[in-house]
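Now for the letters of each chain:
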Amino acid sequence: MAVPGKKASEKAITLSQGCAEDFEVYCQPCDRDDVRQPAFGYCVDCKEHLCQACFVTHRKPKPSQHHQLLDKEHMPVKLNLHIASKSTPTKQADSLTTPCSKHTKEVIKLYCHKHDALLCSVCVALQHTPPSCHVDYIPDISQQTLDSNEFNKTLKDLDQMTEKCCKVTKDQKQRVAESITSLEDVITHIDNFREEINKRLNELEKEAKDTATTIQHDNNKKLTTTETTCENLVKSLQVSADSLKHLNTNKKADQLFTELKIAQQLIIDSKQGISQLPAAEDIDEYVFKPNQAIQTLLQNEKSFGTLKHKNPKQSAEPPNQSEVVIKMSGGAFVEKSNLRTGLAASPPNLLFAASENGYIEMIDKEIGKEAGKVIKKLSLKSQPWDITVINIDTIAVTIPGSGKIQYISFSSNTLSLKSKMKVGGQCHGISHHQGKLAVTFLHPGKLLIMDLKGNVLEKVGKDSNGDDILWEPKYVDTNSQSIYVSDSKKSIIWFNWQGEMIGRYKSDDCRSIALLGDGSFLVGDHWGHFISRVSDDCKTEKKYEISFPYEVIYWCPETSTLYTSMHEDWEFIYSYDLKLI
């Protein structure tokens, strides 16, 4: 172990002078780190004496791999202090005072390029040794940060994060105000409803109001948390930005380098802090839904009413907290050898796209031994594939062969053609939600989000690497939050309405898909004997055995009924009672 020696005099000194522990010809690189080691050799190119450790590793770095080294027997026996001072960096680390987070007694004065890490000498010795890591002494590289792109980018990121914090607070304030306004309307509605009922319901009225008030308090609590957190983040971000500007103006490169790295970590921490705050979109407006039974039979009811979200979202509860009960309730013979690839419901009837025979069918919704008659058929020039309900008397049908979407009127047990629009390509799956259509295409596989006039709002085709996101997207189903696409090659892929991919559920061969009211969805296995229920985050599943769901499954929320067509019995439509318990 080396023992620090005394500082050499201004004169040249020799090996013969001093005691054995006061090395007078010593390792000059180590001496710059305040460690005095005896010289073991000499580098002609660097004009420096080296200890045994430095001598052995000196040629490993690429810049010094051709340096000429002299061993102990041939090295100069004198150490010229003028040369030593020239080899010592003129930039001193006097301004490096930031303590190491891991080794609190050490000061940060080194930087690892590979791990983008600020280090002390202990960190380097333990975890960042060459040649695997490229480590530099901060004063040797800090000058390049003055007015650098990195400096400008970090300032810009700090400004953007500050703006984001302010926007989060502003958005949540607005949503809380809207929510409170709606809840005030709820309370007014409660009062109006209360005037129609007996005084015996005072207690229930109080409970309903307390529910609304509790939500108001929760909203205010969320807002307070957001304001406090964002205010603290803004202060920290502004202090960091001011510090960086000051250091850059005063050309304090060492401190600027360190503060830049700390600021960048602050940005990362700020992003994480914001992500953990209550989201503004999670704060709802509410309407009061009176309990209709109370209006007719007051004494037998136990609740005053319920508060409903004005803009319903998917349930945040894990789907596996409820169970699905699937029980076969009936089957109906419709027409032999007719492959049905699209299904939609419009009480009291079902509407099918009969791909093989090229027409649209209207069928009794009550599937049973005596039901299931085809009430009406509408022949099309090209084979249809999928079908979706637009409004109370209009459906939309995809026609892959002609690259069109055909609107069809249905009412009073009649079917008639309406307008059509050219969308190009082999359009297959289609789903309608609130004036928007989600349409899948084959060859190439893609998803288009469009309005009812065919204007494309979003397109999903390839990712940032140029790879296909979709391969063979057959079917699509939608709700207010998401779009789920079944791809026979890549399973179920989950998007938002901005066309951004959110999740994926993988299976052997799933084609059809049906969304349930709690955000989970059902997937029909092409060749298997089961339907899988998958959670809304595509992470959990439960399988239910049925007979060969082939091209299409459809869930009717009004009656909690699941309809399927079968691989072995294409002429049959089967219905299943489906309940969430």
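The structure contained in this document is the topic of the report that follows. Just so we're clear, the structure is a prediction, and the values are computed from it rather than from any experiment. (Residues numbered from 1 in each chain as written. Predicted model: local features only at pLDDT ≥ 70, side-chain atom pairs only at ≥ 80, totals over all residues. Heavy atoms only, no water.)

What to know about the sheet that holds strand S2 (residues 41-43)
Point 1. If you walk across this open sheet you meet the three strands as S3-S2-S4, and the pairing is antiparallel. Each edge of the open sheet is held by one strand with a lone partner, namely strand S3 (48-50) and strand S4 (69-71). Here the strands of the sheet are splayed against their neighbours by 25 degrees on average, with no regard to which way each runs.
Point 2. Bridge count between S2 and S4: three bridges; the pairing is antiparallel. Looking across to S4, one finds that Tyr42 is bridged to Leu70. (Pairing = 2+ DSSP bridges. Helix = DSSP H or I, 4+ residues; strand = E, 2+ residues; numbered from the N terminus. Axes fitted to C-alpha atoms, helices over the stretch in contact; angles between N-to-C directions.)

Regarding the packing of aromatic side chains
Point 1. With the rule as written, the count across this model stands at five aromatic pairs.
Point 2. Ring centres of Phe40 and Phe55 lie 5.5 Å apart, and the angle between their planes is 70 degrees; this geometry places the pair in the edge-to-face category. Separated by 15 residues along the polypeptide, Phe40 in the loop between helix H1 (28-31) and S2 and Phe55 in helix H2 (residues 52-57) bring together distant segments of the chain.
Point 3. Relative accessible area serves as the criterion here: at 30%, Phe40 is assigned to the partly exposed category.
Point 4. A residue is classified by how much of its surface remains accessible, and Phe55, at 17% relative accessible area, is buried.
Point 5. Each residue in the set Tyr484, Trp494 and Phe521 is aromatic and connected to the rest through ring pairs, giving one cluster.
Point 6. Its end group placed over the ring of Phe441, Lys446 keeps NZ or CZ at 5.1 Å from the ring centre. (Phe/Tyr/Trp six-rings, centres within 6.5 Å; stacked < 30°, edge-to-face > 60°. Buried < 20%, exposed > 50% of the residue type's maximum accessible area, 1.4 Å probe, protein only. Lys NZ or Arg CZ within 6 Å of the ring centre and 35° of its normal.)

Here we look at the pattern of salt bridges
Point 1. Per the counting criterion, the structure on display carries 14 salt bridges.
Point 2. A salt bridge links Lys261 to Asp116, with the shortest nitrogen-to-oxygen separation between them at 3.2 Å. In this pair, Lys261 is assigned in helix H8 (residues 253-275) and Asp116 in the loop between strand S6 (110-112) and strand S7 (117-119), connecting sequence segments 145 residues apart.
Point 3. Taking the shortest distance from any N to any O, the salt bridge between Lys173 and Glu227 comes out at 3.7 Å. In this pair, Lys173 sits in helix H6 (residues 149-194) while Glu227 sits in helix H7 (residues 202-249), placing the two residues 54 residues apart along the sequence.
Point 4. Taken together, the shared-partner salt bridges in this structure form one network comprising Asp116, Glu150 and Lys261. (Salt bridge = Lys/Arg side-chain N within 4 Å of Asp/Glu carboxyl O.)

A closer look at H8
Point 1. With 23 residues, H8 extends 33 Å between its outermost C-alpha atoms, agreeing within 8% with the 33 Å of an ideal straight helix rising 1.5 Å per residue.
Point 2. Residues of H8 that are buried: Ala253, Asp254, Leu256, Phe257, Thr258, Leu260, Lys261, Ala263, Ile267, Ser270, Gly273 and Ile274. (Expected span 1.5 Å × (residues − 1).)

A few points about the pairing of strand S26 (residues 491-496)
Point 1. Most of S26 is tucked away: six of the six residues are buried.
Point 2. Note: strand S25 (residues 482-487) against S26, six bridges, orientation antiparallel. The residue bridging Ser482 from the neighbouring strand is Asn496, located in S26.
Point 3. Hairpin connection from S26 to strand S27 (residues 501-505): four residues lie between these consecutive antiparallel strands, with Gly499 at a positive phi of about 85 degrees.

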